[in-house]
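Now for the letters of each chain:
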Amino acid sequence: MRAAKFMAFRLSPELAPYLFLSPFVLLFLVFGVFPLLFSLYLAFQTWEPTSGLAAMQFVGWDNFAFALQDEWFWKSLKNTAWLALASGVPQHLVAIPLACFIHSSFGSLRNGVVGAYFMPYITSTVAIAILFSSLFSTDYGLINVVLSGLSQIPLLGGLMPQHPVDWLNDPDTIKPAIALIVFWRYVGFNVVLYLAALQTIPKDIYEAATMDGASRWQQFWFITLPSLKPMIFFGVTLSVIGGLQLFEEAFILTGGRGGSDQAGMTTAIYLYRMAFDFNDFGAASAMSWLLFIVVALLTWLTNRLFSTKESHS
Amino acid sequence: MGQVSLQGIRKNYAEVSVIKGIDLEVQDGEFMVFVGPSGCGKSTLLRMIAGLESISGGELRIDGVRANELRPADRGAAMVFQSYALYPHMTVAENMGFALKMAGVPKQQRAAQVGRAAEVLHIVELLARYPKELSGGQRQRVAIGRAIVRKPAVFLFDEPLSNLDAALRVSMRTELSRLHKELATTMIYVTHDQVEALTLGNRIAVFNQGHIEQLGAPMDLYHRPANEFVANFIGMPNINLIDRPDSASAAHLALWEALQGSATVQRIGLRPEHLHLAGQGIPALVVLAEHLGDSSILHLQVEGVNGLLKAKVVAGQCITGQMVCIAPDASRVLRYDVDGRLMESGGNS
Ligand SMILES: Nc1ncnc2c1ncn2[C@@H]1O[C@H](COP(=O)(O)OP(=O)(O)OP(=O)(O)O)[C@@H](O)[C@H]1O
Ligand SMILES: [Mg+2]
């Protein structure tokens, strides 16, 4: 009797998949699709959120025109590009050789070493910001202490700054400081990516190359690097996307304002401020869509860059 | 030139001794085959000659020069891997020319040499392709081509055909034979397929657990296997090994009599094709008859004899379950002593 009752509640096989999918779909609709479409809608409106939804007014392309004429918007784009390059390029230039080194040189210690490099990636941004704020501190920061120590050395000393550097408040040094943190934070992630790729390269290819007379360096250049190419593409794409959306690290280090002379203000920070500090949600939405176009364009470009060689040579 | 000389070659992994002292002279231009069961150390020895494994003891000489410490590329040996080991991101031409590029050969000369090798292997039209665009057989040719381009003194093959299907394996086998005649270069070839060994080799070294059981020409190995291991390993279907009778079985005694076994003989080997059906002789039960078309393999039960005897007979003579009479060809009998070593023929009768 009971069994029969249960049977009555059985879902029809056609319906079951949709029911099981619905939690995700629902969340995705509410927190993914809706904000996306709403921001697109907002980009063509002028709106003071404090005056309620009824205060919205259609303004056509005005918000975009405003964004494109806004000096700070362009400045934030330049900052973002600078930071993306200065943190992204070294990430890969260091991660690839480092991954190769770890791959070939650490036996049982390997996982521990990889874990150490991966740590920053999973550490809270706030903790990182506190750590680096103290490292970069003008008077007591370790970095300035080391620099002043180096300046005592006869020849090298000439290249070192003579006074403690105010890293996080000087417009000239805030960007390198942020780039360093971003580099430090994501290099381990890239190492893990490249290690995974290295493990898929068959060993006998290297043996064949050894027989063919390739030195270790030549094996790296002619075998390892080309084999890593798909992963480099993947990693660089992630870096491009992540770099252009850079927010957290810069936001916390500059106290959420972009630093003096807006030197540390990324586009993501600026459009956040545009919305929540200046209460202009329309312009902020327009800027976010402009940023999206830049991201899409650069991703496409990366894709082109990595795919041309194979098909044309 | 391509003379390889091994003197007391050994290989140890930690405590385990894998190669236990190999002495072998491979002549210039010879096709030498290493054959043996899995794990006997064939690949290890080949890789030691190539320089991919260090040599724990003994001396390796290539063309008279001690090669133990030479870099792999300087030994004049080229290797063809079982997995082909082609560089996936390079075209066929680039794959074949890679060694020359590493040696600093200018581009045009490289292209010319690659072109010549491609002609020999009939893969000219594949030169611009990538390995993933090739069939297994084509990849194998490219792998061989990559070895040829280097003009090595010795070719080393590690089971190069084992990833191919049966038909392709046969055609590549003849191809390799042709290639050996054309290039007249020393080849050392590892396989565990005895058909390959018998058809390709000028000489065959049969390996077992890190040492050579017998070294000789293919037909010598087949007709005069020096010990029971070789007798058992070479030949398809396996040789019949018949123990000296200790039971009172009349059939077993009659068989031993027919085989002309003597007091010192411990075991007698007889190839299946030398066991015939006869009008009268030793009675045997056909446990299984495998019909191969041109011939049949009979698995025979003789009372008192351990295991089944195999006889290769003209097709279609018997069916499973039938009683037959068998007669061995006594002139083809191989006699082994207590230690499993071949006894001088004619020593007993
Ligand atoms: N790195 C190693 N460490 C320890 N033992 C090894 C190592 N490499 C090989 N061996 C052992 O050496 C023996 C010979 O191996 P090898 O690969 O030469 O066999 P093989 O004759 O080529 O066999 P197959 O026909 O299966 O290829 C095996 O017993 C193997 O377990
Ligand atoms: Mg092997």
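Residues numbered from 1 in each chain as written. Chains lettered and ligands numbered in written order. Predicted model: local features only at pLDDT ≥ 70, side-chain atom pairs only at ≥ 80, totals over all residues. Heavy atoms only, no water.

1. With respect to a nonpolar patch on the surface
Residues and elements named next belong to chain A. Where nonpolar side chains cluster on the molecular surface, the patch consists of Leu21, Phe24, Val25, Leu27, Phe28, Leu29, Val30 and Phe31 and spans about 820 Å² of accessible area. Inspection of the secondary structure puts Leu21 in helix α2 (residues 16–42). Given a relative accessible area of 48%, Leu21 falls into the partly exposed group. (Patch = residues over 30% accessible without salt bridge, like charges linked within 9 Å, V, L, I, M, F, W, Y side chains within 5 Å. Areas by Shrake-Rupley, 256 points an atom, 1.4 Å probe, with all protein chains shown as cover. Salt bridge = Lys/Arg side-chain N within 4 Å of Asp/Glu carboxyl O. Helix = DSSP H or I, 4+ residues; strand = E, 2+ residues; numbered from the N terminus. Buried < 20%, exposed > 50% of the residue type's maximum accessible area, 1.4 Å probe, protein only.)

2. Some points on the nonpolar core
Counting 67 residues, the largest nonpolar core has A:Ile178 and A:Ile232 as its most contacted members. The element best represented in this core is helix α9 (residues 171–199) of chain A, accounting for 13 residues. For A:Ile232, the contacting residues outside a window of four places in its chain are A:Ile96, A:Tyr194, A:Leu225 and A:Phe306. Counting residues in hydrophobic clusters, the runner-up holds 44 residues, among them B:Val33, B:Met96, B:Met172 and B:Leu221. (Core = buried A, V, L, I, M, F, W, Y, C linked by side-chain atoms within 4.5 Å. Contact = heavy atoms within 4.5 Å.)

3. Some details on the pattern of salt bridges
Taken as a whole and judged by the stated rule, the model has 19 salt bridges over all chains. Across the pair B:Arg61 and B:Glu59 runs a salt bridge whose closest N-O atoms are separated by 2.8 Å. Assessed through its relative accessible area of 28%, B:Arg61 is described here as partly exposed. B:Asp339 is the partner of B:Arg341 in a salt bridge, and the nearest nitrogen-oxygen pair spans 3.3 Å. Taking the relative accessible area as the measure of exposure, B:Arg341 reaches 48% and is therefore partly exposed. Three or more residues joined by partner-sharing salt bridges are found here, namely A:Glu207, B:Lys11, B:Arg47 and B:Glu53.

4. Digging into empty space enclosed by the protein
Any space left empty among the atoms is revealed by the rolling of a water-sized probe across them. Summed over the entire model, instances satisfying the criterion amount to 2 cavities of 30 Å³ or more. Taken as a whole, the largest cavity spans an internal volume of roughly 50 Å³. Lining the largest cavity are A:Ala208, A:Met211, A:Asp212, B:Ala78, B:Met79, B:Phe81, B:Ala143, B:Arg146, B:Ala147 and B:Arg150. When residues of the lining of the largest cavity are traced back to their parent elements, those giving at least two are α10 (203–211) of chain A together with β6 (77–80) and α4 (136–149) of chain B. In terms of residue count, the dominant contributor to the lining of the largest cavity is α4(B) (3 residues). When the residues that make up the lining of the largest cavity are grouped by side-chain class, the tally is 7 nonpolar, no polar and 3 charged. (1 Å grid on protein atoms, 1.4 Å probe; cavity = no way out; pocket = protein on both sides within 12 Å on 5 of 7 lines; lining within 4 Å. Points joined across faces, edges and corners; volume = space filled by probe spheres on them. Nonpolar A, V, L, I, M, F, W, Y, C, P; charged D, E, K, R; others polar.)

Functional significance is not addressed by these values, which are geometric in nature.
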